[in-house]
Amino acid sequence: MCGIVGVTGVKGASGVVYKRLSLLEYRGYDSAGIASLDNGKISFCKRRGRVFSLAGDLKNLHGDTAIGHTRWATHGKPSDENAHPHTAGKFSVVHNGIIENYSALKEKFFSGVKFFSETDTEIVARLLNYFYDGDILNTLKKTLPLLQGSYALVVICADFDGIIVARHKNPVIVGYGKNCAYTASDLSALAGLCTEISVLEDGDTAFLTKHGIEFYNSEFERTERSKRENPAQSAELELNGCPHYMLKEIREVPSSIIKTADAYICTRDKIKRYLTGADRIIITGCGTAYNSGLIGKRYIESFARIPVEVETAGEFRYKQPIVTKNTVVIAISQSGETADTVEAARLVKSLGAKVIAVTNSPYSELTRIADAAVPVEAGQEICVAATKSYTGQLSALYLLALTLADKDEKEGAEALKVAADIIARTIEHTDIGTLAEACARSSGVYFIGRDLDFAVATEGSLKLKEISYVPSEGYPAGELKHGTLALIDIKTVSVCIICDGELAKKSENAVEQIISRKGKVAVITNVPETVNRLKGKAEIIEIEDCGKFLSPLLSAVIVQLLAYKTALLLDRDPDKPRNLAKSVTVE
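These remarks concern the structure in this document. (Residues numbered from 1 in each chain as written. Predicted model: local features only at pLDDT ≥ 70, side-chain atom pairs only at ≥ 80, totals over all residues. Heavy atoms only, no water.)

Quick look at empty space enclosed by the protein
For clarity, the threshold we go by: In this analysis the probe radius is 1.4 Å and the grid spacing 1 Å, with only protein atoms considered; a cavity is a set of points the probe fits into but cannot get out of, a pocket is an open set with protein on both sides within 12 Å along at least five of seven lines, and lining residues have an atom within 4 Å of a point. Grid points are joined across faces, edges and corners, and a volume is the space filled by probe spheres set on the points. Under this grouping Gly is polar, as are all residues other than the nonpolar Ala, Val, Leu, Ile, Met, Phe, Trp, Tyr, Cys and Pro and the charged Asp, Glu, Lys and Arg.
Scanning the model with the defined rule gives two cavities of 30 Å³ or more in all. Roughly 30 Å³ of internal volume is contained in the second largest cavity. Around the second largest cavity, the lining residues are Arg450, Asp451, Leu452, Asp453, Cys499, Asp500, Lys548 and Ser551. Tallied by class, the residues present in the lining of the second largest cavity amount to two nonpolar, one polar and five charged.

The following block contains the structure:
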């Protein structure tokens with residue numbers, strides 16, 4: 001969700017915050033703001049729109065302490081007034097999360113008072129100022145327990161030469177510099193600034209000054225939090241000659257597969273310990289993570305013959321799930337902070353199930369909840385749409401399925417590396433332009449396939465609609481005739497994925513049904529017989545064969561490239577699609 005950055009003890013702090021906010025726009029970009037502290041005076045600027053809209057105001061923000069925010073709106077439309085920071089008296093606040101009882105607090109403490117914004121966050125600044133008695137810790141003790149919902153709060157006070165940070169169910173980290181300190185909602189904002197970080201736990205409060213960082217637990221007692229290496233690297237934030245992060249990150253798919261395979265081998269023994277005795281698997285996630293779970297289900301059931309259910313995390317956590325000590329829940333989240341997935345994992349663990357996290361974030365809340373974590377080594381992913389993290393998840397799930405089946409993971413890792421080489425060639429040489437033009441002109445696009453190909457179809461549909469805004473759906477090829485054919489006409493495009501020779505003719509039947517209704521069809525396939533049978537009838541995008549079970553890695557890259565090219569043709573920003581944010585830390 002929203003991106004937060006704070007800096008204290010650094011000359012020109014507002015400039016540092018500005019640059020770092022631009023790295024966090026994948027967390028929200030409908031408005032942005034910065035507040036600075038200079039000799040007891042708070043100054044701020046905030047604007048609707050992207051972070052760059054603040055550039056002209058930086059000259060008015062002085063001092064060695066500053067906080068900033070780039071917003072994904074929850075309460076209140078995108079506007080100058082609703083942009084963070086929110087300021088009241090001696091306090092200025094930026095916030096990630098939702099204060100669910102803000103209306104009740106407003107009525108109780110500020111009845112009849114006119115607020116400047118429509119947001120839930122303004123109540124926090126006003127409460128802090130309301131309770132302030134010269135003792136900031138005492139003020140926090142009175143304010144924070146009143147807040148219901150979730151928050152990562154970063155606060156400056158005119159009487160304190162530093163930054164105050166508080167966490168409840170939303171991620172926030174702090175970083176250690178030389179005679180300075182940092183805070184952010186995501187590691188990428190601190191890449192190159194500090195080599196050591198600490199992760200606040202739920203209920204924690206931290207005071208950051210140029211002299212160091214003091215931590216307090218949920219009881220407001222002094223405590224310590226371990227220092228950890230900051231894995232974010234500045235090099236990962238460079239575009240490396242690419243016009244967009246999405247293309248750069250698609251090109252990094254092969255390396256992410258190889259790194260994930262190597263990392264899995266190093267953690268395999270711990271993971272196996274928690275998988276032993278499993279008689280039922282539940283996979284849960286949201287969006288792309290859910291789609292990767294569909295493929296994970298097929299891997300596990302095929303290799304290990306253990307029944308698997310795949311649930312969207314937002315629904316699963318409210319279904320009164322039935323689990324036992326022999327149930328293993330695989331929770332998938334790129335950020336490891338997805339609110340629905342984290343809470344689902346927390347719930348099933350309390351009911352006695354074992355939890356395995358599959359995540360690209362080693363210090364995340366999901367990682368801390370889980371009994372064991374399967375690392376996805378995709379590195380920083382800046383584009384909102386998941387690309388290399390999706391293929392990383394597939395690679396991790398493939399190896400996890402081999403472990404469940406007591407098969408040779410090293411052999412599986414080598415197969416993944418061979419597939420990575422094929423993918424690198426595919427990215428370099430596949431021409432997707434003609435199909436992208438057809439999608440850009442269409443009234444709707446339907447991705448279809450069977451079995452594993454259907455699972456990739458669901459992800460292809462998600463990618464296309466989230467970054468190009470072209471209406472799209474993913475269907476099992478066999479379901480097309482049970483209703484969806486009514487939507488097929490000359491204005492629609494269908495993309496059929498056929499990478500399973502045994503099911504090829506079944507999917508080809510669906511292609512013929514579409515053609516007979518004057519629909520446009522493209523076929524992504526590595527089956528030679530399919531190429532021969534459909535040549536001249538449909539556009540053929542022929543890909544290399546890397547085996548039935550690893551074919552989703554290859555076809556996934558094709559549909560990612562298709563979404564990217566279509567977005568460009570429609571003049572969409574593929575890195576920052578409207579209304580979306582990368583890490584969804586609220587319901």
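Focus: the side chain of histidine 86
This is how it is decided: Numbering of helices and strands runs from the N terminus, with a helix taken as a DSSP run of H or I at least four residues long and a strand as a DSSP run of E at least two residues long. Two residues form a contact once any of their heavy atoms are found within 4.5 Å.
Examined against the element boundaries, histidine 86 turns out to sit in strand E5 (residues 86-88). The residues touching histidine 86, leaving out its near neighbours within four places in the chain, are Lys46, Glu81, Phe91, Ser92, Val93, Ser117, Thr119, Thr121, Glu122 and Ala125.

Description of the side chain of serine 117
In plain terms, the rule: Categorising residues by exposure relies on relative accessible area from a 1.4 Å probe, with only protein chains included: less than 20% of the type maximum marks a residue as buried, more than 50% marks it as exposed, and the intermediate range marks it as partly exposed. Throughout this description, a polar contact denotes any pair of N or O atoms lying within 3.5 Å of each other; where both atoms belong to protein, one of them has to be capable of donating a hydrogen while the other can accept it, and for residues adjacent in sequence the pair is counted only when both atoms sit in side chains.
Tracing the sequence through the fold places serine 117 in the loop between helix H2 (102-110) and helix H3 (122-131). Taking the relative accessible area as the measure of exposure, serine 117 reaches 10% and is therefore buried. Side-chain polar atoms of serine 117 contact the side chain of threonine 119, separated by 3.0 Å. A distance of 2.7 Å separates the side chain of serine 117 from the side chain of glutamate 122, its partner in a polar contact. Setting aside residues up to four positions removed in sequence, serine 117 forms contacts with Glu81, Asn82, His86 and Glu122.

Re the packing of aromatic side chains
In this description, an aromatic ring pair is defined by two values, namely the gap between the centres and the angle between the planes. Rules: Any Phe, Tyr or Trp ring, taking Trp's six-membered ring, that has another such ring centre within 6.5 Å forms a pair; planes under 30 degrees apart are called stacked, those over 60 apart edge-to-face, and the others tilted. Charge-over-ring placement is defined geometrically: NZ (Lys) or CZ (Arg) within 6 Å of the ring centre, and within 35 degrees of the ring normal.
This model, assessed by the stated rule, comprises 15 aromatic pairs. Both rings, one in phenylalanine 91 and one in tyrosine 132, keep their centres 5.1 Å apart while their planes meet at 85 degrees; by these two values the pair is edge-to-face. With phenylalanine 91 in strand E6 (residues 91-99) and tyrosine 132 in the loop between H3 and helix H4 (136-143), this residue pair connects regions lying 41 residues apart in the sequence. Taken as a pair, phenylalanine 91 and tyrosine 132 share a single burial class, namely buried. Considering the side-chain rings of phenylalanine 207 and tyrosine 216, the 5.6 Å spacing of their centres and the 70 degrees angle between planes classify their relative orientation as edge-to-face. There is no split in this pair, since phenylalanine 207 and tyrosine 216 are both buried. Among the aromatic residues, those joined into a cluster by ring pairs are Phe109, Phe110, Phe115, Tyr130 and Phe131. Above the ring of phenylalanine 115, the side-chain terminus of arginine 126 is found at 4.3 Å from the ring centroid. Taking NZ or CZ as reference, lysine 227 lies 4.4 Å from the ring centre of tyrosine 176, over its face.

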